[in-house]
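As a plain string of letters, each chain reads:
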Amino acid sequence: MASDPSARAPKGTVDMLPATARVWEHLLHTAEGLFSLYGYEPIYTPIFEHTDVFVRGIGEATDIVGKEMYTFEDKGGRSITLRPEGTASVVRAALEHNLTANGQSAKLYYAGPMFRYERPQAGRLRQFWQIGVEALGMPEPSLDAEVIALLVRFFEAVGLPSDRMRLSINSMGDDACRPAYRAKIAAYIRDHSGDLCEECNRRADTNPLRTFDCKNDGCRAVMAEAPLLRDELCEPCATHYAAVKAYLDHLGIAYEEDPSLVRGLDYYTRTVFEVQAEGLGAQNAIGGGGRYDRLMEEYGGPPTAGLGFALGFERTMLALAAAGVEVPVPPVAEVFVARAVAEVAGDAFLICDALRSAGVAAEIDHQSRSLKSQFKLADRLRADYVVVVGPDELATGQVTLRDMATSNEERVALGDLPTIVLDRLGR
Ligand code: AMP
């Protein structure tokens, strides 16, 4: 079976086994709690969309649309694509359901798998999991700062120390100033064509700004001397960018300006940002995003401001591991109900059920284990307490409650057990 490739998860995908899935859920709950403090509500869009949603939104000349999409024709002859990212779908849904009609704003968050046909490596998968937010209908620079702060605070909330991450920001201008700058960079690329790789030369015609992202040392050296958009922003873009930075300063959010940060998607306007983590090698961007004030119009909607970020689950896990941070995942069972002898199995079963009804995560053995093996199982489930059900205690209406951390044991009246356990668990 194991040598049969179809018996394994496809290349670039991983099974999220319980230990990892619980970390994902912890991150998700942290995000839900934090995002709701900032006024965000959940949204779930389909995992696949009409291909055009991504082609129009992300842009034909981007790596994602050009090379990385999982696109197929469905049985009805429609071109369908597994979503490579969340923003395009959320904006499509917001337009379809009029979430931003009549000048309303919407703050939304999503979570789930994304699909990109990339070359798998550490921190780069073909199916990976993202959590993201999208804030629609608000052009003000205070929102840019709020969204950036939220991304940083999420990483802090899951335990990533501030000195293990770096926030970079930039402005990509808008339709007033970027076209002229793009033309300037295209000309610059042509002037230096001999010193740039084939791909970068091609980008002169398709997506010149992406040349800043090339990892090739020669290209980087050339692009380090290229004119910077920062110096060519139109007045409204420059004012917006200055205000974003002022708000970040007020919030005490540390950032670095990276004038070559362009990010790979066409839809960004003005503010873009990225958080990179220590110890991850090449794939060190753990989250990022930006403003996309023209995206809704791409879908035929009215001009509607938008801003958002997405963070990657797998890379966040790698960053936490590299920083030596253990994610606090609750035990599988808070209480394990063990029976001393087979005769009390029915009583133990009911005691376990009563604990669960009281809201305690309780577990019991269903495989007729010995008492010793039941204790081993309790350890494996990281139970805080073990209730030992024995015939003698039962005869007096009692059980033994053992604190696994201190090995302390006490007799407890059956009727009081749920209340006492909840009290011990601090609830
Ligand atoms: P992007 O949509 O490219 O800005 O990605 C946002 C975040 O998703 C990144 O910062 C990563 O954490 C994560 N991410 C993007 N692509 C991948 C991938 N192929 N594998 C794993 N994580 C990814």
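Just above sits the structure.
Chains are numbered independently. Their residues run from 1 in the order of the written sequence. Residues qualify for local features only when their pLDDT is at least 70, as the model is predicted, and side-chain atom pairs are given and counted only at 80 or more; totals for whole chains, interfaces and linings, by contrast, use all residues. Heavy atoms from the whole structure form the basis of all side-chain values; hydrogens and water molecules are not counted.

One heavy atom suffices: a residue is near a molecule or strand as soon as one of its heavy atoms comes within 4 Å of it. Not every one of the 14 residues close to the ligand is listed here, only the nearest: Arg116, Glu118, Leu125, Gln130 and Arg263. Within the backbone of isoleucine 286, a nitrogen or oxygen atom sits 3.0 Å from an oxygen atom of the ligand. Interatomic distance of 3.1 Å between a backbone N/O atom of glycine 312 and an oxygen atom of the ligand. Coverage of the ligand by the protein amounts to 92% of the 480 Å² it exposes when considered alone. Looking at the shell around the ligand, the elements that each hand over two or more residues are β6 (127–136), β10 (285–291) and β11 (306–312). Counting residues per element, the shell around the ligand draws most heavily on β10, at 3 residues. Grouping the amino acids of the shell around the ligand by side-chain chemistry returns 5 nonpolar, 4 polar and 5 charged. Two N or O atoms form a polar contact when they lie within 3.5 Å of each other; inside protein one atom must be a possible hydrogen donor and the other a possible acceptor, and for residues adjacent in sequence the pair counts only when both atoms belong to side chains. Computed by Shrake-Rupley with a 1.4 Å probe, the accessible areas treat only the displayed protein chains as cover when residues are assessed. Put simply, DSSP marks the helices as runs of H or I at least four residues long and the strands as runs of E at least two long, and each gets a number from the N terminus on. All residues other than Ala, Val, Leu, Ile, Met, Phe, Trp, Tyr, Cys, Pro, Asp, Glu, Lys and Arg, Gly among them, are scored as polar; the first ten of these are nonpolar and the last four charged.

The axes of two packed helices give the description: the angle between them and the distance between them. Relative to each other, helix α5 (residues 141–157) and helix α9 (residues 235–251) sit at 45°, their axes nearing to 8 Å. For the element pair α5 / α9, the angle class is oblique. Our pair here, α5 against α9, has a crossing hand that is right-handed. Contacts between α5 and α9 pair Pro141, Ser142, Asp144, Ala145, Ile148, Ala149 and Arg153 from the former with His240, Ala243, Val244, Tyr247, Leu248 and Leu251 from the latter. Geometry is summarised by axes, namely lines fitted to C-alpha atoms with helices restricted to the contacting stretch, and by angles between N-to-C directions that run from 0 to 180 degrees. An angle below 35 degrees is treated as roughly parallel, one above 145 as roughly antiparallel, one from 65 to 115 as roughly perpendicular, and anything else as oblique. With the far helix as reference, a near helix turned anticlockwise by less than a right angle produces a left-handed crossing, and one turned clockwise produces a right-handed crossing. The contact rule is simple, with two residues in contact once any of their heavy atoms fall within 4.5 Å.

The next point concerns the nonpolar core. Take the buried residues of types Ala, Val, Leu, Ile, Met, Phe, Trp, Tyr and Cys, join any two whose side-chain atoms come within 4.5 Å, and each joined set is a nonpolar core. Exposure classes here rest on a 1.4 Å probe applied to the protein chains alone. A residue is buried below 20% of its type maximum, exposed above 50%, and partly exposed in between. Residues Phe35, Tyr40, Phe154, Phe155, Phe273 and Phe309 are the most contacted members of the largest nonpolar core, which totals 100 residues. With 10 residues, the single largest contributor to this core is α5. Residues Ala348, Leu401, Val412 and Leu425 belong to the second largest nonpolar core, which totals 20 residues.

What counts as a ring pair is set by centres within 6.5 Å for rings of Phe, Tyr and Trp (its six-membered ring), and what kind of pair is set by the plane angle: stacked under 30 degrees, edge-to-face over 60, tilted for all other angles. Applying the stated rule across the entire model yields 10 aromatic pairs. Centroid distance tyrosine 267 to tyrosine 292: 5.6 Å. Interplanar angle 70°. Geometry classified as edge-to-face. Of the two residues, tyrosine 267 is situated in the loop between β8 (256–257) and β9 (269–277) and tyrosine 292 in the loop between β10 and α10 (295–298); the sequence distance between them amounts to 25 residues. Like tyrosine 267, the residue tyrosine 292 is buried in the burial classification. Charge-over-ring placement is defined geometrically: NZ (Lys) or CZ (Arg) within 6 Å of the ring centre, and within 35 degrees of the ring normal. Here the guanidinium or amino end of arginine 126 rests over the ring plane of tyrosine 117, the centre of that ring lying 3.9 Å away.

Buried residues of helix α13 (residues 371–380): Gln374, Leu377 and Ala378, and no others. Along the long axis of α13, the arc covered by the buried residues comes to 105°, so they all point the same way. Exposed residues pointing more than 90 degrees away from the buried face of α13 are listed as Lys372, Lys376, Asp379 and Arg380. Along its buried surface, α13 packs onto β12 (335–339) and β14 (385–389). When we speak of the arc, we mean the arc of directions from the helix axis to the C-beta atoms.

It is worth spelling out the sheet that holds β8 at this point. With respect to topology, 8 strands assemble into an open sheet ordered β1-β5-β6-β11-β10-β9-β7-β8, the strand pairing being mixed. Two strands in the sheet have a free side with no partner beyond their single neighbour: β1 (41–42) and β8. A strand pair is defined by DSSP finding two or more bridges across the two strands. Relative to β11, β10 runs antiparallel, the two sharing 5 bridges. In the strand pairing of β11, glycine 288 is matched with alanine 310. Of the strands in this sheet, β5 (106–115), β6, β7 (165–171), β9, β10 and β11 are in contact with α5, which crosses β11 at around 15°. Lying on the sheet, helix α11 (residues 313–322) is in contact with β6, β9, β10 and β11; it crosses β11 at an angle near 55°.

Turning next to the pattern of salt bridges. Salt bridge, as used here: a side-chain nitrogen of Lys or Arg that lies within 4 Å of a carboxyl oxygen of Asp or Glu. Summed over all chains, the structure comprises 27 salt bridges. Here aspartate 52 ties to arginine 56 by a salt bridge, and the two come within 2.9 Å at their closest N and O atoms. On the criterion of helical spacing, the pair formed by aspartate 52 and arginine 56 is a turn pair, its members being 4 residues apart in helix α2 (residues 51–58). Aspartate 52 sits in the partly exposed class, given a relative accessible area of 38%. Among the ionic pairs, glutamate 363 bridges to arginine 356, the shortest N-O distance being 3.0 Å. Classification of glutamate 363 by relative accessible area gives partly exposed; the value is 26%. Note on arginine 356: relative accessible area 39%, which makes it partly exposed. Residues participating in the shared-partner salt-bridge network are Asp63, Lys67, Glu198, Glu199, Arg202, Arg203, Arg210 and Asp213.

Attention shifts here to the side chain of glutamine 276. Tracing the backbone shows glutamine 276 in strand β9. At 2.5 Å, the side chain of glutamine 276 forms a polar contact with the side chain of arginine 166. Here glutamate 274 takes part through its side chain, which lies 3.3 Å from a polar atom of the side chain of glutamine 276. If we ignore the near neighbours within four places in the chain, the residues touching glutamine 276 are Arg164, Met165, Arg166, Asn284, Ala285 and Ile286.

These results come straight from atomic positions and should not be treated as a statement about function.
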